[in-house]
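# Structural overview
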Amino acid sequence: MGDQLKISGYWLASGILGVTASTMIRATKSGADAVVTKSIGLVSRKGHPGPVLTSSHGGLLNAVGLTNPGIDEFANEMHLLKEAKIPVILSIFGDTPEEIAIIAEKGEKMKPSAIELNLSCPHATISQISHSTKLTSNFVQAAKEAVHLPVFAKITPNASDYVAIGKAAEEAGADAIVAINTVRGMKIDIHQMRPVLGNRVGGLSGPPIFPIAVRCVYDLSQTLSIPIIGVGGVSSWQDAIEMHLAGASAIQIGTAVMDDLTIFSKIKSGVSSYLGEKGYRDTSEIIGLAGGR
Ligand SMILES: Cc1cc2nc3c(=O)[nH]c(=O)nc-3n(C[C@H](O)[C@H](O)[C@H](O)COP(=O)(O)O)c2cc1C
């Protein structure tokens, strides 16, 4: 594996503080074991018109629209992260497998520890990829053929058969599945009588999606052999334990980091006390226990 990234521990999820190196470095100083960058495309992209963020029912709705500087421009931030010796997972997205191959090749030169394929942003056209086993397979295969790095496939709970999608990614050579991206959602302003987000539809994250993420991780771990990286609504050490028991080898944290950057160290100390009390030495001993993995 590039830089010997271990698929364990607690990582900063993609898109959260993830465009500038300085904020990602702050996350690791607060205990994150690795950081996933904002998803980067071939060329710069402005994203959706505002508002791009709103809150709803204890969660966050976003329709940022994959705002990013483009892969060539992002080299500067990657350089700073490498200098700070931080394990970085480069998240990328593309419209076609050919484009993904080009971005992945350019990205590999920046020496990330792994590449995460965003196949699943629910408020962009790429969201279709992880609704189709064929497209998922084509994109994963293109990335795997383009680079020697581990490739992770990030999938959506919005697909009706996300286990089949996960399986297609595994068969195409993915080294891990990242589940889940945000859940399609919407908020309507009752005074203006129209959707709040500029893009109308967005992706829900934070505590309300936690049970959905647990279910997805659990289902995937029943069928797949590759590691699963759990993400979605984790905001406490209890949530982290639940995710591990469902089958997650590593956990990414997004929305909860916005409220509390020290969440990583808090989760780690809670998990370690829990393991001690239960007589375990390491999280690897409890992964998938709830499903008999
Ligand atoms: C503001 C915002 C931006 C995001 N941008 C990305 C992105 O660029 N690429 C991606 O794969 N996921 C992106 N996500 C999804 C998160 O990485 C994560 O999968 C999701 O928020 C669920 O985790 P959480 O509930 O811990 O936030 C974004 C989420 C938020 C809230």
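This is a predicted model, so every value here is computed, not measured.

About the cut-offs
- Residues numbered from 1 in each chain as written.
- Predicted model: local features only at pLDDT ≥ 70, side-chain atom pairs only at ≥ 80, totals over all residues.
- Heavy atoms only, no water.
- Phe/Tyr/Trp six-rings, centres within 6.5 Å; stacked < 30°, edge-to-face > 60°.
- Helix = DSSP H or I, 4+ residues; strand = E, 2+ residues; numbered from the N terminus.
- Buried < 20%, exposed > 50% of the residue type's maximum accessible area, 1.4 Å probe, protein only.
- Near = heavy atom within 4 Å.
- Polar contact = N/O pair within 3.5 Å; in protein donor to acceptor, adjacent residues only side chain to side chain.
- Areas by Shrake-Rupley, 256 points an atom, 1.4 Å probe, with all protein chains shown as cover.
- Salt bridge = Lys/Arg side-chain N within 4 Å of Asp/Glu carboxyl O.
- Pairing = 2+ DSSP bridges.
- Right-handed = clockwise from strand over helix to strand, strands pointing away.
- Core = buried A, V, L, I, M, F, W, Y, C linked by side-chain atoms within 4.5 Å.
- Contact = heavy atoms within 4.5 Å.
- Axes fitted to C-alpha atoms, helices over the stretch in contact; angles between N-to-C directions.
- Left-handed = near helix turned anticlockwise from the far one by under 90°.
- Nonpolar A, V, L, I, M, F, W, Y, C, P; charged D, E, K, R; others polar.

This part takes up the packing of aromatic side chains. Applying the stated criterion to the full structure yields two aromatic pairs. Between Trp-11 and Phe-152, the aromatic rings sit 6.2 Å apart at their centres with planes inclined by 25°, giving stacked as the arrangement. Separated by 141 residues along the polypeptide, Trp-11 in strand S1 (residues 9–12) and Phe-152 in strand S7 (residues 151–155) bring together distant segments of the chain. Each member of the pair, Trp-11 as well as Phe-152, carries the same accessibility label: buried.

Time to look at the site of the ligand. Lining the immediate surroundings of the ligand are 21 residues, of which Ser-14, Ser-39, Gly-206, Gly-233 and Thr-255 lie closest. Between the ligand and Ser-14 there is a distance of 2.7 Å, counted from an oxygen atom to a backbone nitrogen or oxygen. Considered on its own, the ligand offers 610 Å² of accessible surface; in the complex 97% of this is hidden by protein.

By the definition in use, this model includes six salt bridges. Taking the shortest distance from any N to any O, the salt bridge between Arg-281 and Glu-285 comes out at 4.0 Å.

Side-chain alternation along strand S13 (residues 228–231) places Ile-228 and Gly-230 on one buried face and Ile-229 and Val-231 on a second face that is also buried. Strand direction decides the pairing type here: strand S8 (residues 176–179) and S13, joined by three bridges, are parallel. Along S13, the bridge assignment pairs Ala-179 with Gly-230. With helix H7 (residues 237–246) bridging S13 and its parallel neighbour strand S14 (residues 248–253), the resulting β-α-β unit is right-handed.

Moving on, we get to the nonpolar core. Counting residues in hydrophobic clusters, the biggest one holds 98 residues, and the most contacted among them are Trp-11, Leu-117, Phe-152, Ile-177, Leu-220, Ile-253 and Phe-264. Those residues within four positions of Phe-264 in sequence are excluded, and the remaining contacts are Tyr-10, Trp-11, Leu-12, Ala-27, Ser-30, Gly-31, Ala-32, Ile-253 and Val-257.

This next bit is on the packing of H7 against helix H9 (residues 263–278). The N-to-C vectors of H7 and H9 enclose an angle of 65°; their axes lie 8 Å apart at closest approach. Crossing of H7 against H9: the hand is right-handed. Facing H7, whose interface residues are Trp-237, Ala-240, Ile-241 and Leu-245, H9 presents Lys-266, Ile-267, Gly-270, Val-271 and Tyr-274. Grouping the constituent residues of the contact of H7 with H9 by class yields seven nonpolar, one polar and one charged.

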